[in-house]
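# Chain and residue survey
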Amino acid sequence: MYFPTSAARQLSSAPALPLPSELVLALAPSPRKTLFASVTKSGLSLWRVRPSAVLAHLSRTETSLKEHGENLHLHWSPDGQRIVVQTTLSYLVLVSVEYNAEEVPYQTPPLATNAARHFLPGAGEALPLQSLSLHLEGVIRIEGSLLSVSPRKDYILFSTCDPRAIQRVPWPNAGGGGGEHVREGYDTWVVNEEGLPWLVDPDVTVCQISYHRQTGFETWITSDGRAYLVQLYQEQAIGPSASEASTTDDDRAQLGHLPHSRPSSDSTSSERPLQWHGTCIHHVSPPRWVQKRKHVDPGDIARYTYAEPRRAMAVALNPKFSMLAVGTHGGTVEFAGFPNPAAVSAAPPTPQVLRVPGMYAREGTGEVCTMEWSSDGYVLAVGWQKGWAIWSVGGRCLAWGFGIEYEVDEERFQDAFMYGVRSLFWAPGNFELVMLAQSSPNTADGQLFVLPFAKSATTGQHSPDNTQYAFLQMDDRVLVYRGADQPDMSVINPEADVWQHVKVPQSYMSANWPIRYSSLSADGRLIAIAGRRGLVHYSSTSGRWRMFADELQEQAFTVKGGLLWFHHVLIVAVEVAGAYQVRLYSRDLELSNQNVLHREMVSSPVVILSLVDNSLLAYTADNTLYHYLIIPTTDSIKLHFCGSITFDGVIAVPSAVRALSWMIPSAQKQIGDPAEDLPVATVLMIVGGKLVLLRPRKSEEGEVKYDMQILADRIEFCWIHLRGIGTLENSLWGYDGQGIRVWLNALAIESTASTWDGEEGGVSLDRVKESVNIPLDFYPLSVLMDKGIIIGVEVEAATRANLSFTMFRHVTSSHLFLHHILQFHLENIQCKEAVTFASHYQHLVYFAHALEILLHTVVEEDADGVDEVASSKGSQKQGLLQAAIEFLDHFDDALDVVVGCARKIEMTRWPRLFDIVGNPKILFESCLTSGRLKTAGSYLLVLHGLEQLDGMNGDAIRLLRSATSAQDWQLCREILRFLHSIDDTGAALQNALVETQIVPSGQLGQGNGSAH
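Sequence order as written defines the numbering, with residues in each chain counted from 1. Local features in a predicted model are, by the rule used here, given only for residues with pLDDT of at least 70; side-chain atom pairs are given and counted only at 80 or more, and totals for whole chains, interfaces and linings are based on all residues. Side-chain metrics in this entry use all non-hydrogen atoms of the structure; hydrogen atoms and water are not considered.

### Quick notes on the sheet that holds strand S54 (residues 779-784)
Paired strands, as defined in this entry, are two strands with at least two bridges between them according to DSSP. Helix and strand definitions here come from DSSP, where helices need a minimum of 4 consecutive H or I residues and strands a minimum of 2 consecutive E residues; each element is numbered from the N-terminal end. Read across the sheet, three strands follow the order S54-S55-S56 without closing on themselves; strand pairing throughout is antiparallel. Both outer strands of the open sheet, S54 and strand S56 (807-816), are each paired with one neighbouring strand and no more. In this sheet, neighbouring strand axes are inclined to one another by 30 degrees on average, regardless of whether the strands run parallel or antiparallel. Sheet topology note: the strand S55 (residues 789-798)/S56 ladder contains 10 bridges and is antiparallel. Bridge pairing in S56 links Ala798 to Met807. Throughout, an axis means a line fitted to C-alpha atoms (over the contacting stretch in the case of helices), and angles, computed between N-to-C directions, take values from 0 to 180 degrees.

### A closer look at the pattern of salt bridges
It is possible for side chains of opposite charge to pair when their charged atoms get near one another. Basic side-chain nitrogens of Lys or Arg form a salt bridge, by our definition, when they fall within 4 Å of a carboxyl oxygen of Asp or Glu. All told, the structure shown has 27 salt bridges when counted by the stated rule. For Glu432, the salt bridge goes to Arg50, with nearest N and O atoms at 2.6 Å. Residue Glu432 is located in strand S28 (residues 432-437), and its partner Arg50 is located in the loop between strand S5 (43-48) and strand S6 (53-59); the two are separated by 382 residues in the primary sequence. Side by side, Glu432 and Arg50 carry an identical accessibility label, which is buried. Across the pair Arg912 and Asp862 runs a salt bridge whose closest N-O atoms are separated by 3.0 Å. Pair noted here: Arg912 is in helix H16 (residues 910-917) and Asp862 is in helix H13 (residues 847-867), with a separation of 50 residues, a long-range link. Residue exposure (1.4 Å probe, protein chains only): buried if accessible area is under 20% of the type maximum, exposed if over 50%, otherwise partly exposed.

### Observations concerning the confidence of the model for the chain
Each residue carries a pLDDT score, the predictor's confidence in it, ranging from 0 to 100. In the predicted model, the chain carries a mean pLDDT of 85, and the fraction of residues at 70 or more is 86%. Segment residues 261-271 is flagged for pLDDT under 50; beyond a separation of four residues in sequence, or across chains, it makes 26 contacts in the model. By the convention used here, residues are in contact when the closest approach between their heavy atoms is within 4.5 Å.

### Regarding the pairing of S5
The element S5 is extensively covered by neighbouring structure, given that six of its six residues are classed as buried. Side-chain alternation along S5 places Gly43, Ser45 and Trp47 on one buried face and Leu44, Leu46 and Arg48 on a second face that is also buried. Sheet topology places strand S4 (residues 35-39) next to S5; five bridges connect them, and they run antiparallel. Following the sheet pairing, Ala37 is matched in S5 by Leu46. The loop that links S4 with its antiparallel partner S5 comprises three residues. Two elements, S5 and S6, share six bridges in a ladder whose sense is antiparallel. The residue bridging Leu46 from the neighbouring strand is Ala56, located in S6. Taking the residues between adjacent antiparallel strands as the criterion, S5 and S6 are bridged by four residues.

### Side note on the sheet that holds strand S12 (residues 155-160)
Read across the sheet, four strands follow the order S11-S12-S13-S14 without closing on themselves; strand pairing throughout is antiparallel. The strands lining the two open edges of the sheet, one partner per strand, are strand S11 (146-151) and strand S14 (187-190). For this sheet the average axis-to-axis angle between neighbouring strands, irrespective of direction, equals 15 degrees. When strand S13 (residues 165-170) meets S14, the two strands line up antiparallel, connected through four bridges. Bridge assignment links Arg168 to a residue of S14, and that residue is Asp187.

### Focus on the packing of helix H11 (residues 818-827) against helix H12 (residues 831-839)
Two numbers describe how H11 lies on H12: the axes approach to 8 Å, and their chain directions differ by 160 degrees. In terms of axis orientation, H11 runs roughly antiparallel to H12. As H11 packs across H12, the resulting crossing turns out to be right-handed. Taken together, the residues of H12 that come into contact with H11 (itself represented by Leu818, Ile821, Leu822, His825 and Leu826) are Glu833, Ala834, Phe837 and Ala838. Asp, Glu, Lys and Arg are counted as charged, while Ala, Val, Leu, Ile, Met, Phe, Trp, Tyr, Cys and Pro are counted as nonpolar; the rest, among them Gly, fall into the polar class. In the contact of H11 with H12, the residues fall into seven nonpolar, one polar and one charged. To sort the angles, those under 35 degrees are grouped as roughly parallel, those over 145 as roughly antiparallel, those from 65 to 115 as roughly perpendicular, and the leftovers as oblique. Crossings are assigned a handedness: left-handed for a near helix turned anticlockwise from the far helix by less than a right angle, right-handed for a clockwise turn.

### Looking at the side chain of Glu22
One can find Glu22 in the loop between strand S2 (9-11) and strand S3 (26-29). Neither His nor the chain ends is counted toward charge; the positive residues are Lys and Arg and the negative residues Asp and Glu. Among buried Asp, Glu, Lys and Arg side chains, Glu22 stands out as unpaired, with Lys41 the closest opposite charge at 4.8 Å. Within 3.5 Å is the distance limit for a polar contact, defined as a pair of N or O atoms, with the added protein rule that one can donate a hydrogen and the other accept it, and that residues adjacent in sequence qualify only through two side-chain atoms. A polar contact is formed between the side chain of Glu22 and the side chain of Thr40, at a distance of 2.7 Å.

### Comments concerning helix H15 (residues 894-902)
Counting buried positions along H15 yields eight of nine residues, so the element is predominantly enclosed. Taken as a whole, H15 has its buried residues at Ala894, Leu895, Val897, Val898, Val899, Gly900, Cys901 and Ala902.

### What about the nonpolar core?
Residues Val333, Trp388, Ile390, Phe417, Trp733, Phe817 and Phe887 are the most contacted members of the largest nonpolar core, which totals 142 residues. To qualify as a nonpolar core, a set must consist of buried Ala, Val, Leu, Ile, Met, Phe, Trp, Tyr and Cys residues joined through side-chain atoms within 4.5 Å. In this structure, Val612, Phe647, Met663 and Val704 belong to the second largest nonpolar core, which totals 40 residues.

### Considerations on the pairing of strand S33 (residues 517-520)
The alternating pattern of S33 places Tyr517 and Ser519 on one face and Ser518 and Leu520 on the opposite face, and all of these are buried. Relative to strand S34 (residues 526-530), S33 runs antiparallel, the two being bridged by four bridges. Bridging across to S34, Leu520 finds its partner in Ile527. Between the end of S33 and the start of S34, which pair antiparallel, lie five residues, with Gly524 showing a positive phi angle near 75 degrees.

### Considering the packing of aromatic side chains
Note on aromatic pairs: each is described by the distance of the centres and the angle between the planes. Within 6.5 Å between ring centres, the rings of Phe, Tyr and Trp (the latter by its six-membered ring) count as paired, and their orientation is classed by plane angle as stacked under 30 degrees, edge-to-face over 60, tilted in between. In the structure shown here, the tally under the stated rule is 33 aromatic pairs. Taken together, a centroid distance of 5.5 Å and an interplanar angle of 10 degrees make the contact between Phe36 and Trp47 stacked. Here Trp47 lies in strand S5 and Phe36 lies in strand S4, a separation of 11 residues in the sequence. Accessibility expressed as a relative area gives 3% for Trp47, which makes it buried. Note on Trp198 and Trp220: the rings are 5.7 Å apart at their centroids and 45 degrees apart in plane angle, and the pair reads as tilted.

### A few points about helix H20 (residues 969-982)
For H20, with 14 residues, the first-to-last C-alpha span of 20 Å sits near the 20 Å given by 1.5 Å per residue. All of the buried residues in H20 are Leu971, Cys972, Ile975, Phe978 and Leu979. Buried residues along H20 cover an arc of 120 degrees about the axis, so they all sit on one side. Away from its buried face by more than 90 degrees, H20 exposes Trp969 and Arg973. In the core, the buried residues of H20 are packed alongside helix H18 (933-945), helix H19 (954-965) and helix H21 (987-995). Take the number of residues in a helix, subtract one, and multiply by 1.5 Å to get its expected span. Summarising the geometry, the arc corresponds to the directions from the helix axis toward the C-beta atoms.

### Regarding unusual backbone geometry
Cis geometry is adopted by the peptide bond preceding Pro163, which originates at Asp162 and carries an omega value of 10 degrees. Note that Pro163 resides in the loop between S12 and S13. The omega angle of the peptide bond from Trp513 to Pro514 is 0 degrees, so this bond is cis rather than trans. Turning to its location among the elements, Pro514 is positioned in the loop between helix H8 (506-512) and S33. One non-glycine residue, Asp613, adopts positive backbone phi at about 55 degrees. Secondary-structure assignment places Asp613 in the loop between strand S41 (606-612) and strand S42 (615-620).

### What to know about the packing of H19 against H20
Orientation of H19 relative to H20, taken along the N-to-C sense of each, is 160 degrees, at an axis distance of 8 Å. Considered as vectors, H19 and H20 are oriented roughly antiparallel to each other. Along this stretch, H19 crosses H20, giving a crossing that reads as left-handed. Contact residues: Ala956, Leu959, Leu960, Ala963 and Thr964 in H19; Trp969, Leu971, Cys972, Ile975, Leu976 and Leu979 in H20. Looking at the contact of H19 with H20, its residues break down into 10 nonpolar, one polar and no charged.

Written out as structure tokens, the structure is:
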């Protein structure tokens, strides 16, 4: 999904001013993440993300540092116009960010015409650098010990220790001079049982406040280690306060509202009483001695501090998948779902605990310092005191760094982030991770790093063709896996270079960075890319890109909803001048508005496009699914509208839909009208992280309703094969972070009873167990159906003693899935189906290897079943071995598979195996008769292990004679070595040489008298 690549870029954090270098304490991105700020104990620097450059620097005077304290942390206002700096003496230093349109921060040196082409702007670097300046706006003194600060649109929210309270003050001059408006916004909430009754332990302070603009929620971490999900409400109002509701987003609708408790009476505003509502999302039970002391002597809470490994240190919300992550003092990361407002009294679900394996963090991880989800919600970046890691939403650790595994030159090594990360954030597009290292051992300004990433194209657009090929996108290029077009052995060879690097034109990426959508055609030959504006497409046949000749036309629209290839026609969902269209472009024509083949207007933004045969599915933000047929004409191609259906009452948040497809019943597919597919189709969607089926049913009035059936949760992406091989037709493959879950014939999945019913349809919350579960030790990217292989990648980090940095690369990995499907059939006594399925793959060079893996798995399970023979499960396992042998008898490779498996299992399993297979002596004779001499040689080892060789080694001599006749000298050598190994005296070897007349008997006594 996300894989670090190449090497991290180091930024110089020391300003180009005559100032001493200081340790960077914190960094924070602006709300739009085009800028970020870093703070030292006396200075504040403002950076541009792309290109990475310092635009402004503010240095505080010695007088200011003595009176107000040194810098500690910084926060941006939601509008990006101010920066609030928290100091060590509980002051808030307000800094305004001013934009100067006339000034230019950096002057480009004059270049000769022939030299200018060597200094072209990179991705995202064509836009001019804005001139910014930082001005001190004022200082706010906070009464009591300041703990945490969280700026909002109209006010600054902060928490204090003495008194234990939550307070807010308006921004200076926010009321425009009116005293009534200025007074509004000053509020104080005392942290006690009366003010905040939903706190598990009211005798605490709020140590950390974090506001999540996308959801309207905020998270609090209290001094007892618990974490809370919180909202501020006005009394007798159903939503959050006006300033909190300033950002409208579907993510907030997806989360809903927190349950209300009794009103708070501690607000100082009598005209508009405000109250906090929250729920505990991370519960920590203090030791009994702490509970007893608090009960006996409820004094200063600082007296009861203790080291709690599960104490929350950071919280990150993921509204895209309706989940959250909590980082703890002990170094673990816990995944949990959002609290359900409808089940307040129910016990919270058990969180998924993520631990970095000890082999990667030998000295421990330290406490979690920082966490942030990518904007698409697929991965979580975590920084510890002693390292960093990237986790997928399903709990797969994709990359990590905890020190250096091999020796490096400590004086030259610069990648300080490998030893610990203090703060981090994802850059726009999620192609780069900006990290602040804990310290810089070699240079004073070597703390800031930018690590580039390659990510799967399915993170931007989950279309069937993007999952058919392994398709990665980087900052300025895309990578396409071409192993599917290579010979079979190249696919399973990890050293084979089967990735095609396609560089996106510099002129497009420099102005339209980052890449938002990438699409691959069904044959993998056509590529389309859409950035901030416009689009470009590429043909691997010609090796050329097509771009808009008119830049104004390119900049006039934005791709919104995705883009797909239908043969040579590119289907694009766009937003242009506030209207929404689906456009069709031809690969063979120049990109221009005059060459648009067809325009289809839609009433609302397209969320996702999907293509099934010649049916185009468009799901829009107004919760409607549109069905079009793609109809070629004599001179063009057009979309024919077939119908639409709304999912109101079924899908709560349209923007949460990440994947879309459907399955048509066989009868409708064969004899039905394609224009009538919509009312009978079973719709497949990924909603958030849930993989769901929407089954149609007609009401008595003839209206189509849908019943929702949830198959699985936290599915990162899925494949559906409508025209799979044999059993795999209409199969559904989903990856949950641990392995691939396969539902064979998803159309035949039995619908369970709905938990609620009515005119609007029902929803089933019972998870449907998959047919096959395939555990993987790498991250899968695609399934090569015709080769029976799952393709994926894993990350390698390499260091060298003579290099000052760490190199990252992704290595291609593969996994056979044939034996998993075959075992499912055998377990369900479906030998005929297993034979039919396997016959499609018997031409592969590694087919016998797949059968050998199957037999090995079954033998191991059978050995476990012997110990459980009294149970029905044990007898079922024993019957599975019999079925597997019967299945192998249908293929010519059966004899090779059996002996190959026997040589890889323990000898104690041989009697049981050959009780089912048959006498190995008979199998040896069969191999000898059919000319399979190498296989017969392997059976010699089995006969020797089972003590079935005769004293004169007649079987070995006959095989040696046949090998000599076939002039297979390598096999002759192996047989002679075998005879020498079973008889140290050499008599057996001499006898065989004489019997086969390889060496005449008269010559055996000559020489040194020993046989070699």
